[in-house]
Amino acid sequence: MKTHSVCFPILATLALSVAVTRANVNNNNIPRGVSPSNAKLYVPDSGSNWSCLDGSKTIPFSAVNDDYCDCVDGSDEPGTSACGTGRFYCANIGHTPSSIKTSRVNDGVCDEECCDGSDEYDGQTHCPNICDKVGAKAREENDRIQSIQNEGARLRRGFIKYGKANKVSLTNELETLKGQVDKVQETLSDARAKLDAANEAQDAYLEGSKSEREAARKQQLEPIIQEQTKRLKYATEVRDTLKLTLQNLKEKHNKNYHDLAVKGTVSGFDEYIVAQGEKTETAKEDSDISSDRQFDALVDETSVVLRDIGTLHDLLDGMKRDYNTEYNDEAVLTAVKVTEDFEVTWDSSRLDFVDVEHLVLPEELPVDNPEAEKFKDETDLAQEAFNDASEKESKVREGIRDIERKLNMDFGPDETFAQLADNCFDFKDSEYTYSICLFGDANQSSHSSTHLGKFSGWEGDSYDIQMYTGGAKCWNGPERSVKLVMSCGTKTEIVSVAEPEKCEYLFKLQTPAVCPVPEDEVEDEGDAEEQEQEQSVEGVQPEGEEHIQKHDEL
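Residues numbered from 1 in each chain as written. Predicted model: local features only at pLDDT ≥ 70, side-chain atom pairs only at ≥ 80, totals over all residues. Heavy atoms only, no water.

We now examine the overall build of the chain. Of regular secondary structure, the chain possesses 8 helices and 15 strands. Counting the 554 residues in the chain, one finds 36% classified as buried. The contacts of the chain with a sequence gap of at least 6 include a subset with a gap of at least 24, amounting to 55%. Summed over its atoms, the accessible surface of the chain is roughly 33300 Å², and 49% of this surface lies on carbon and sulfur atoms. (Helix = DSSP H or I, 4+ residues; strand = E, 2+ residues; numbered from the N terminus. Buried < 20%, exposed > 50% of the residue type's maximum accessible area, 1.4 Å probe, protein only. Contact = heavy atoms within 4.5 Å. Areas by Shrake-Rupley, 256 points an atom, 1.4 Å probe, with all protein chains shown as cover.)

This is the structure:
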């Protein structure tokens, strides 16, 4: 009995040792492919047995990693490809630990995830341990990214500071403007009443002095009316000459020649005569109309005559260019001669005679009357005061609307995006230029501009994706829209534009506004901000955004 009690522990220890050896353990007595965090799951019981992780079966611990799949969940083969459903742990000392599917173990391929080559341990494929090299490169890239994030975070802190101070400033400005509304409205109302009174007084005076002013105006316009009358008379004579020429051509040309150019001109003349007969006769001159209206009537009548001349000339000129010269028709030759003599004096592009400038109706001469000047000056002053009051009232109301719009915008929980509101950014590819004004509109331009959408809100609650919807409708497709996805960067710029779906655009924007800032730093800065809220926004300048094109100053 004593001998048995001494030998039993020794035999049990030897059995356990054999089981562990056969379980393909690593230097830390952990089965191959098992991560240190899962090592506690791979410990045999006192009987050198082990239970599948799903509890479905108990097997000898020596069956772990024996290249035979015993467990339904494949947990008994973390270091072989027998089950192929688990994860093989790569320690990757010198780099970052990783894992691959167990189906890729000893498959003859050096997997990138296992830079230490531990996934190809059967000796069939040599995978060198490159973790030091890969780790150094990864650390260099991580340092670069961290540098960007650190600088971005510094800039974002400036964005936050600007946004909070800007909100305080806008709130104060809004209160100031609202306090001015009653005053500017009262000033505008008084100015309107004074202007109405001044206009009424001036109208009453002008009505009383109407005959005197009309007599002066008639005397002023008499020379220009005489000149326009002379022009109308001359134009009428020319028109009558051309009409007579065409009438003679119609009656006297040799109809046996069948000259198509002549026949076309005669036919066109007949149509002209019919159209003239359908026109309403010009109203006779009314001796009671003002000199201004008399001049305008003369100008209108002259314009009608000049258009007639243009029509008649076109008929004659067409015949002149195309008539048959071999016929030697006397009526045709006479018409051609009249046309050639006329064309020297006519400018077809202007439908007027050469070197004739249109007469312009002059401004009414001021009446040398102190009382009239008094009314005029009072009216001008009242109008100027009203215009000034109206402009001030409009500015106050526009200012209130603009500030309320900005205060109602969702610039994020810490007002980060206030600095970027209404700033515009462009991106050019080989065919188009894409532009977006944050919280405004997105457009695409080449030879013309196409509206891609208007800011409609944030997607999700992480404040890094904006949606722009309601753009121009695609042919046989939806309205255009833009999804703007933001990532951390040291300056705000569009880095790529794509169209993953028809007329649905994806803009990628880098900006400090989404670079991570520790929450405790934001809270600490928030406490400091409360002590500085009286500072003006102008004193909080954005950092690192000199390239931003402002669309509308905040």
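So, on to the pairing of strand E3 (residues 87-90). Here E3 shows a clear split, with Phe88 and Cys90 buried on one side and none of Arg87 and Tyr89 buried on the other. Sheet topology note: the E3/strand E4 (residues 98-101) ladder contains 4 bridges and is antiparallel. Counted as the bridge partner of Cys90 is Ser98 from E4. (Pairing = 2+ DSSP bridges.)

With that settled, consider helix H7 (residues 370-407). For H7, built from 38 residues, the straight-helix expectation of 56 Å at 1.5 Å per residue is met to within 8% by its first-to-last C-alpha distance of 55 Å. For H7, the set of buried residues is Ala372, Phe375, Thr379, Ala382, Phe386, Ala389, Glu393, Val396, Gly399, Ile400, Ile403 and Lys406. In this fold, the buried residues of H7 make contact with helix H2 (131-208). (Expected span 1.5 Å × (residues − 1).)

Time to look at the packing of aromatic side chains. Inspection of every chain in the model, using the stated rule, returns 15 aromatic pairs. Seen in terms of ring centroids, Trp346 and Phe353 are 5.3 Å apart; in terms of plane orientation they differ by 80 degrees. Their pairing is edge-to-face. On the accessibility criterion, Trp346 (7% relative accessible area) is buried. Note that Arg32 overlies the ring of Tyr121, its terminal NZ or CZ placed 3.9 Å from the centroid. Over the ring of Phe375 we find Lys374, and its NZ or CZ is 5.1 Å from the ring centre. (Phe/Tyr/Trp six-rings, centres within 6.5 Å; stacked < 30°, edge-to-face > 60°. Lys NZ or Arg CZ within 6 Å of the ring centre and 35° of its normal.)

Closest axis-to-axis distance for the helix H3 (residues 210-252)/helix H6 (residues 330-343) pair is 9 Å, and the angle between their directions is 160 degrees. Regarding the angle of H3 to H6, the classification is roughly antiparallel. The way H3 lies across H6 gives a crossing that is left-handed. On H6, the residues touching Val238, Leu242, Thr245, Leu249 and Lys252 of H3 are Ala331, Val332, Ala335, Val338 and Phe342. Grouping the constituent residues of the contact of H3 with H6 by class yields 8 nonpolar, 1 polar and 1 charged. (Axes fitted to C-alpha atoms, helices over the stretch in contact; angles between N-to-C directions. Parallel < 35°, antiparallel > 145°, perpendicular 65-115°, else oblique. Left-handed = near helix turned anticlockwise from the far one by under 90°. Nonpolar A, V, L, I, M, F, W, Y, C, P; charged D, E, K, R; others polar.)

Here we take up the state of the cysteines. Taken as a whole and assessed by the stated rule, the structure comprises 8 disulfides. Each sulfur in the disulfide pair Cys115 and Cys131 lies 2.0 Å from the other. When the S-S torsion is 100 degrees, as for the bridge of Cys115 with Cys131, the disulfide is right-handed. Taken as a pair, Cys115 in the loop between E4 and H2 and Cys131 in helix H2 lie far apart in primary sequence, 16 residues in all. (Disulfide = S-S within 2.5 Å.)

The subject of this paragraph is the environment of Cys115. Among the residues examined, Cys115 registers a relative accessible area of 3% and is labelled buried. For the pair formed by Cys115 and Pro97, sequence separation is 18 residues and the distance between their alpha carbons is 9.3 Å. Contact partners of Cys115, with chain neighbours within four places excluded, come to Asn92, His95, Pro128, Asn129, Ile130, Cys131 and Val134.

Okay, the pattern of salt bridges next. The final tally for this structure, using the stated rule, is 29 salt bridges. When the shortest N-O distance is used, the salt bridge between Arg144 and Glu141 registers 2.7 Å. Here Glu141 and Arg144 lie together in helix H2, a separation of 3 residues that amounts to about one turn. Arg144 gets classed as partly exposed once you look at its relative accessible area, which sits at 44%. (Salt bridge = Lys/Arg side-chain N within 4 Å of Asp/Glu carboxyl O.)

Next up on the list: H6. Taking 1.5 Å per residue as the helical rise, H6 with its 14 residues ought to reach 20 Å, and the 20 Å between its terminal C-alpha atoms agrees with that figure. Burial in H6 covers these residues: Ala331, Val332, Ala335, Val336, Thr339 and Phe342. Take H6 and look down its axis: the buried residues cluster within an arc of 135 degrees, on one side only. (Arc of directions from axis to C-beta.)

As a further point, take the packing of H3 against helix H5 (residues 291-322). Direction vectors running N to C along H3 and H5 enclose 25 degrees, while the axes themselves pass 9 Å from each other. The angle between H3 and H5 falls in the class roughly parallel. By crossing handedness, the relation of H3 to H5 is classed as left-handed. Within the contact of H3 with H5, the residues separate by chemical class into 19 nonpolar, 8 polar and 7 charged.

Quick look at the side chain of Asp329 now. Among the structural elements, Asp329 can be located in the loop between H5 and H6. Buried charge Asp329 goes without a salt bridge, the closest partner of opposite sign being Lys255 at 8.4 Å. Beyond its immediate sequence surroundings of up to four residues, Asp329 is in contact with Lys252, His253, Asn254 and Tyr257. (Lys, Arg positive; Asp, Glu negative; His and termini not counted.)

Moving on: the side chain of Arg480. With respect to the helices, strands and loops of the structure, Arg480 is situated in the loop between strand E11 (465-470) and strand E12 (481-488). This buried residue, Arg480, is left without a salt bridge; Glu499 holds the nearest opposite charge, at 6.6 Å. In this structure the side chain of Arg480 is engaged in a polar contact, spanning 3.3 Å, whose partner is the backbone oxygen of Lys473. When sequence neighbours within four positions are dropped, the list of residues in contact with Arg480 reads Thr450, His451, Leu452, Thr469, Gly470, Gly471, Ala472, Lys473, Cys474, Cys503 and Tyr505. (Polar contact = N/O pair within 3.5 Å; in protein donor to acceptor, adjacent residues only side chain to side chain.)

For the chain, per-residue confidence averages 86 on the pLDDT scale, and residues scoring 70 or more make up 86% of the total. Per-residue pLDDT stays below 50 along residues 1-23; that stretch engages in 15 contacts with residues further than four places along the chain or on separate chains. Scored below 50 in pLDDT, residues 533-554 shows 55 contacts in the model against residues more than four places distant or in partner chains. (pLDDT = per-residue confidence, 0-100.)

This part covers the environment of Val485. Along the chain, Val485 falls in strand E12. Through-space distance from the C-alpha of Val485 to that of Lys508 is 4.9 Å; in sequence the pair is 23 residues apart. When residues no more than four places from it in sequence are discounted, the contact partners of Val485 are Asp464, Ile465, Leu506, Phe507, Lys508 and Leu509.

On to the nonpolar core. Membership of the largest hydrophobic core comes to 30 residues, with the highest contact counts inside it found for Leu249, Ile309, Met319 and Phe353. Of all the secondary structure elements, the ones that give two or more residues to this core are H3, helix H4 (260-278), H5 and H6. For Met319, the residues in contact, after removing those within four places along its chain, are Leu249, Ala261, Val262, Thr265, Val332, Ala335 and Val336. (Core = buried A, V, L, I, M, F, W, Y, C linked by side-chain atoms within 4.5 Å.)

Let's shift gears to unusual backbone geometry. A positive phi is found at Asp422, a non-glycine position, where the angle reads about 65 degrees. The topology assignment puts Asp422 in the loop between H7 and strand E7 (423-428). One non-glycine residue, Phe439, lies in positive phi territory at about 70 degrees.

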